[in-house]
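Now for the letters of each chain:
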Amino acid sequence: HRRLMESKARELEESNRAREALEESTRISEEMSQARTRILMNMSHELRTPLNAVLGYTEGLLEAEELVPEPEARQDLVRITRAARDLSRKVETILEISALDAGLRGTVKSSVSVGRFLADVVAPLHEPMKQRGNCVRLTLDPGTPEQLCFDRELVSTAVEELLVNANKFTSR
């Protein structure tokens, strides 16, 4: 009887130690996740200011044709502007995901017309895709519901990033 009691006490003690270790590792994991989110949000905010300055200068120079009349220099400005916008979009995506992860932003679901939504997301990507010899064709399966309920901004970002990356890594 005594051995059984000692055995149960050891099992209980081991179980308590395992539970404490699990609680500690969970606490550490949560702290690391919060630190990662803070770092990403701070980094994103720090990147946004100089990036906006680059966009402002390049767009301003492109608008004032007399300041940069040479076609090659103007093409360089177009490339810089395009790259800065692309980077800006990525920074915004990081901020968005960090805010979601930190619980600072919830999802905002609404009823959305699927066809119109996808057409709006795809439209600005036709030209960049054409420049790389690619194209995007939007065809909905006949069984696709006309309306769905989702967070328009988050899904738009995901679809756009998917298509931008597909274009970046594909060429005919």
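Calculation rules
- Residues numbered from 1 in each chain as written.
- Predicted model: local features only at pLDDT ≥ 70, side-chain atom pairs only at ≥ 80, totals over all residues.
- Heavy atoms only, no water.
- Salt bridge = Lys/Arg side-chain N within 4 Å of Asp/Glu carboxyl O.
- Helix = DSSP H or I, 4+ residues; strand = E, 2+ residues; numbered from the N terminus.
- Axes fitted to C-alpha atoms, helices over the stretch in contact; angles between N-to-C directions.
- Parallel < 35°, antiparallel > 145°, perpendicular 65-115°, else oblique.
- Left-handed = near helix turned anticlockwise from the far one by under 90°.
- Contact = heavy atoms within 4.5 Å.
- Buried < 20%, exposed > 50% of the residue type's maximum accessible area, 1.4 Å probe, protein only.
- Arc of directions from axis to C-beta.

**Notes on the pattern of salt bridges**
Here's step 1: As enumerated under the stated definition, the model contains 16 salt bridges in all.
Here's step 2: The residue Asp86 makes a salt bridge to Lys90 at a minimum N-O spacing of 3.5 Å. You can see Asp86 and its partner Lys90 sitting in helix H2 (residues 71–101), 4 residues apart, about one turn around the helix.
Here's step 3: Ionic pairing is found between Glu161 and Arg89, a salt bridge with its closest N-O pair at 3.6 Å. Of this pair, Glu161 sits in helix H5 (residues 152–168) while Arg89 is found in helix H2, placing the two residues 72 residues apart along the sequence.

**Focus on the packing of H2 against H5**
Here's step 1: Close contact between H2 and H5 brings their axes to 11 Å; oriented N to C, the two are set at 140°. The orientation of H2 with respect to H5, classified from their angle, is oblique. Read as a crossing pair, H2 and H5 show a hand that is left-handed. The segment H2 lies against H5, with Asp86, Arg89, Lys90, Thr93, Glu96 and Leu100 engaging Glu153, Leu154, Thr157, Glu160, Glu161, Val164 and Lys168.

**As for helix H3 (residues 114–122)**
Here's step 1: Of all the residues in H3, the buried ones are Val114, Phe117, Leu118, Val121 and Val122. The buried residues of H3 all sit within an arc of 125° when viewed along its axis, so they share a single face.
Here's step 2: Those residues of H3 that are buried lie in contact with strand E1 (109–113), helix H4 (126–131), strand E2 (147–151) and H5.

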